[in-house]
Amino acid sequence: MASKQFDIKSYTGFKSITLLCLAVLYAPLLVVTIYSFNASQSLTNWEGLSLRWYADVFTGPESAKFKSAAWNSFVIAIIAATLATTIATLAATAMVRGGKFRLRTVSFGLISLPLMVPEIVTAVATLIFFNAIGFDRGVMTILLAHIAFCIPFAYLPISARMQGIEDSYEQAALDLYATKRQAFTRILLPLMMPGIISGFLLAFIVSLDDFIITNFVKGAGVETLPTAIFGSVKQGIKPNIMAISTMLLGVSVVMVTISYLVGKSDNTK
Amino acid sequence: MSDREQIAIDVRDAVKRYGDFTALKRISLSIMDNEFFTLLGPSGCGKTTLLRMIAGFEDVTEGAIFLYGDEIETLPPNKRPVNTVFQNYALFPHMTILDNVGFGLEMRGKSKSEARRKAGEMLELVQLSQFAARKPSQLSGGQQQRVALARALAPQPKVLLLDEPLSALDLKLRKAMQLELKHLQRETGITFIFVTHDQEEALTMSDRIAVMSAGELQQLGAPTDIYERPHNMFVADFIGETNLLEVSVDAIDDGRATCHLGGGHQLTCNAVDGIGVGAKVHMSIRPERLYMSGAPERDGSLHGRVKENIFIGTDITTIVALDEGPDFVVRTSNSDRGNKRIFEPGSEMFVNMELGAARLLVD
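So, here's what we can say about the structure. (Residues numbered from 1 in each chain as written. Chains lettered and ligands numbered in written order. Predicted model: local features only at pLDDT ≥ 70, side-chain atom pairs only at ≥ 80, totals over all residues. Heavy atoms only, no water.)

## Description of the overall build of chain A
Within chain A, the secondary structure is distributed over eleven helices and zero strands. Each helix and strand of chain A, placed in order from N terminus to C terminus, yields the pattern α-α-α-α-α-α-α-α-α-α-α. Projected onto the principal axes, the alpha-carbon positions of chain A cover approximately 70 × 65 × 30 Å. Buried residues in chain A amount to 41% of all 269 residues. Taking contacts inside chain A between residues at least 6 apart in sequence as the whole, the part at least 24 apart equals 71%. When the accessible surface of chain A is summed, it comes to about 14,900 Å², and 71% of that surface belongs to carbon and sulfur atoms. (Helix = DSSP H or I, 4+ residues; strand = E, 2+ residues; numbered from the N terminus. Buried < 20%, exposed > 50% of the residue type's maximum accessible area, 1.4 Å probe, protein only. Contact = heavy atoms within 4.5 Å. Areas by Shrake-Rupley, 256 points an atom, 1.4 Å probe, with all protein chains shown as cover.)

## Observations concerning the packing of aromatic side chains
Scanning the model with the defined rule gives 13 aromatic pairs over all chains in all. Taking 5.8 Å as the distance between ring centres and 40° as the angle between the ring planes, the aromatic pair formed by Phe57(B) and Phe86(B) counts as tilted. Here Phe57(B), found in the loop between α1 (47-55) and β4 (62-67), pairs with Phe86(B), found in the loop between β6 (82-85) and α2 (97-107); they are 29 residues apart in sequence, far enough to count as distant. Here Phe57(B) matches Phe86(B) in class, with each residue buried. Between the aromatic rings of Phe234(B) and Phe238(B), the centroid separation amounts to 5.4 Å while the plane-to-plane angle is 10°, which identifies the pairing as stacked. Of the two residues, Phe234(B) and Phe238(B) both sit in helix α8 (residues 233-238), four residues apart, roughly one turn of that helix. The lysine or arginine in question, Arg108(B), covers the ring of Tyr177(A), its NZ or CZ lying 4.1 Å from the ring centre. Above the plane of the ring of Tyr227(B) lies Arg286(B), whose end atom (NZ or CZ) is 4.1 Å from the centre. (Phe/Tyr/Trp six-rings, centres within 6.5 Å; stacked < 30°, edge-to-face > 60°. Lys NZ or Arg CZ within 6 Å of the ring centre and 35° of its normal.)

## Structural notes on helix α4 (residues 141-153) of chain B
Residue and element names in this part refer to chain B. With 13 residues, α4 extends 18 Å between its outermost C-alpha atoms, agreeing within 8% with the 18 Å of an ideal straight helix rising 1.5 Å per residue. Across the 13 residues of α4, twelve count as buried, placing the element largely inside the fold. Inspection of α4 places Gly-142, Gln-143, Gln-144, Gln-145, Arg-146, Val-147, Ala-148, Leu-149, Ala-150, Arg-151, Ala-152 and Leu-153 among the buried residues, and these make up the whole buried set. (Expected span 1.5 Å × (residues − 1).)

## Focus on the sheet that holds strand β20 (residues 358-361) of chain B
Residue and element names in this part refer to chain B. Spatial ordering of the open sheet is given by β13-β12-β11-β14-β20, a layout of five strands whose pairing is antiparallel. Strands with a single pairing partner mark the edges of an open sheet, and in this sheet they are β13 (265-270) and β20. When strand polarity is set aside, the average angle formed by the axes of neighbouring strands in this sheet is 45°. Bridge count between strand β14 (residues 280-285) and β20: four bridges; the pairing is antiparallel. Counted as the bridge partner of Met-283 is Leu-360 from β20. (Pairing = 2+ DSSP bridges. Axes fitted to C-alpha atoms, helices over the stretch in contact; angles between N-to-C directions.)

## Some words on unusual backbone geometry
For Tyr177(A), which is not a glycine, the phi torsion comes out positive at approximately 75°. By the element assignment, Tyr177(A) lies in the loop between α7 (168-175) and α8 (180-209). Located in the positive-phi region is Glu164(B), a residue other than glycine, with phi close to 40°. Note that Glu164(B) resides in the loop between β7 (159-163) and α5 (171-188). Classification of Glu164(B) as buried rests on a relative accessible area of 9%.

## Some points on the pairing of strand β18 (residues 327-333) of chain B
Residue and element names in this part refer to chain B. Looking at chain direction, strand β17 (residues 315-322) and β18 are connected through seven bridges and run antiparallel. Paired with Ala-321 across the two strands is Asp-327, which belongs to β18. Joining the antiparallel neighbours β17 and β18 is a turn of four residues, in which Glu-324 adopts a positive phi near 55°.

## So, the interface of chain A and chain B
Listed as interface residues are 20 residues of chain A and, on the opposing side, 27 residues of chain B. In total, about 2,100 Å² of surface goes out of reach between chain A and chain B, with carbon and sulfur atoms giving 61% of it. Joining chain A to chain B, the criterion identifies one salt bridge. Linking Arg186(A) and Glu106(B) is a salt bridge whose minimum nitrogen-to-oxygen distance equals 3.5 Å. At the surface where chain A touches chain B, the tally comes to ten residue pairs in polar contact (both at pLDDT 80 or more). Listed by contribution, the elements that provide at least two residues to the side of chain A that touches chain B are α7 and α8 of chain A. Among the elements that make up the side of chain A that touches chain B, the one with the highest residue count is α7(A) (seven residues). Among the residues forming the side of chain A that touches chain B, the class breakdown is ten nonpolar, six polar and four charged. (Buried area = accessible area lost by both parts, 1.4 Å probe. Salt bridge = Lys/Arg side-chain N within 4 Å of Asp/Glu carboxyl O. Polar contact = N/O pair within 3.5 Å; in protein donor to acceptor, adjacent residues only side chain to side chain. Nonpolar A, V, L, I, M, F, W, Y, C, P; charged D, E, K, R; others polar.)

## Points about the pairing of strand β10 (residues 216-221) of chain B
Residue and element names in this part refer to chain B. Looking at chain direction, strand β9 (residues 208-213) and β10 are connected through five bridges and run antiparallel. Across the sheet, Met-212 pairs through a bridge with Leu-217, a residue of β10. Hairpin connection, β9 to β10: the antiparallel pair is bridged by two residues, and Ala-214 has positive phi, about 50°.

## Structural notes on the environment of Leu184(B)
Residue and element names in this part refer to chain B. Secondary-structure assignment places Leu-184 in helix α5. When its relative accessible area of 6% is taken as the criterion, Leu-184 is described as buried. Here Leu-184 is in contact with Leu-125, Leu-149, Leu-153 and Phe-192, once residues within four sequence places are set aside.

## Considering the side chain of Ser159(A)
Tracing the chain through its elements places Ser159(A) in helix α6 (residues 139-163). Residues within four places of Ser159(A) in sequence aside, it is in contact with Ala92(A) and Val96(A).

## Section: the sheet that holds β9(B)
All names here are of chain B. A sheet is described by the order of its strands in space; here six strands give the open sequence β6-β7-β8-β3-β9-β10, paired in mixed fashion. Edge positions in the sheet fall to β6 and β10, since each has one partner strand and no second. When the angles between neighbouring strand axes are averaged without regard to direction, this sheet yields 20°.

## Things to note about the pattern of salt bridges
Overall, the coordinates contain 26 salt bridges over all chains when judged by the stated rule. A salt bridge links Asp315(B) to Arg331(B); its shortest N-O distance comes to 3.6 Å. Pair noted here: Asp315(B) is in strand β17 and Arg331(B) is in strand β18, with a separation of 16 residues, a long-range link. Put simply, Glu62(A), Lys65(A) and Lys238(A) are held in one network by salt bridges that share partners.

## Quick look at the nonpolar core
Within soluble globular proteins, side chains that are nonpolar tend to cluster in buried spots. Residues and elements named next belong to chain B. The biggest cluster of nonpolar side chains holds 95 residues, and the ones touching the most others in it are Ile-9, Leu-29, Leu-39, Phe-92, Phe-103, Val-159 and Ile-193. Those residues in contact with Ile-9 that lie beyond four places of it in its chain are Leu-29, Ser-30, Ile-31, Ile-54, Ile-65, Phe-66, Leu-67, Val-159 and Ile-193. Formed by 35 residues, the second largest nonpolar core is a distinct cluster that contains Leu-91, Val-126, Leu-162 and Met-177. (Core = buried A, V, L, I, M, F, W, Y, C linked by side-chain atoms within 4.5 Å.)

Shown next, in the form of structure tokens:
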């Protein structure tokens, strides 16, 4: 490490700015999490620890709505993440192993651009597209939209991983009488697996959490968890919303943690 | 080359171009069955390109490659009965050592258990049986190298290709592996084609060496041929240390050429085809073929003065300035110290050589 003088931790205000950023980022989440265990009807008065709002989510008057929304959300997230990951894996293989082909840079831009396009624009465009081709809105439209916008999220960790795999492994496999397919399935795919799992989990979370695009392309009566929560909140915030949000947060944290751990485990070393 | 000897790899007029750049300029060479053959040259000379063309990783722009009589240059790598030891070993990181070695056998249709049994035998051959269950990352560089060797030999290829496999090892291990490779080649009877830029390595291991430079074959021959009778400037300079002198050929008589160099010094050496009287060419004399004496020993003695002695362990290198002529490097074995063959800097002496020590070079 450099001398103490240039240690960034010794800069004036380093500690306070860091704490401020952490507070802005995490205080709201912390408040929601804590108050989801509140025994009170009120959102702000603490009346003791209780799991009543968690019970309410599963058995209360809105439980049927939440259950079907959660089911939709998970099914859509799993299918969308699986298909998006498959497409992203093939795309990454072509991009990284395809050598220099024409429009390679353009292809990379086209794959990752959706990350930078404002989501509302994608949402409106997707809606107009479905209308234009006369596709009735429902679960299917949500699924198709999710597959499309999940691809870049799945692509990035997979292609990052792939760039770290030397092509001499595939050459060695071919040299040892493997066919191209065997070289892919026996050598390249296992080596890419951490990136693929990472990409899948990222795509899963992005799909599970998506609100804007889903809200535009969903049909009447079809809800995912985010749209159901939003619908509920419009009629007034109740503590059960905090319970359901906390559970969703928990799922996200678990997924992100797995994604991080898998990404870190490097089977090429 | 007798008729009984079989040609393992026959490269005929092979050309490799990348766009405008020509990496190989029409190379033809025959590698014999059961031979330890080395492609030697500086980086960028095309030796690895040629090896990769034999393995099937590079297309052949023009020409043909035959493997025991079968034309192979259009076959994909997995259809060629040759295996490669890669420079970085390229061991599959997610597989155990045993599965790595058994991979080629399995791909050739052997059952998993059969592949494992054979792989176990190969590991015994390279003395790594105790590491069978480990992953490549848990082995040292030298051990990984031997695994790569076992993996490439396991499917019993007709020809084994080795792409600078020793370059990542330290000197001591490299020397040990050179001998091990040589023994392995003798034991298995498989033709080895070895690529290296290390001339000492090439001289130590090879039956024959092809010296390459700038995509062209410079000389092909046994190590002693290449070292003692270099064909041209490049080979003389690249292989070992040498005195390169500009000389003029004065007379050729009975297979002997009389030449003079700067300062009027005269030298006699064997004549070479293609170099006639009046030619101004280069001459190569190996430093260890020269010796010093206090008095002239024969006609060829050259008078000079010692500039510097450099002690390099086994030998002593002496820089000698000839009277009004070029500098010479003379190498004397350390064991000759007692024979008064070493002279102090500044002292006058004569440099002598046997006929045949000097070699005239084409271009």
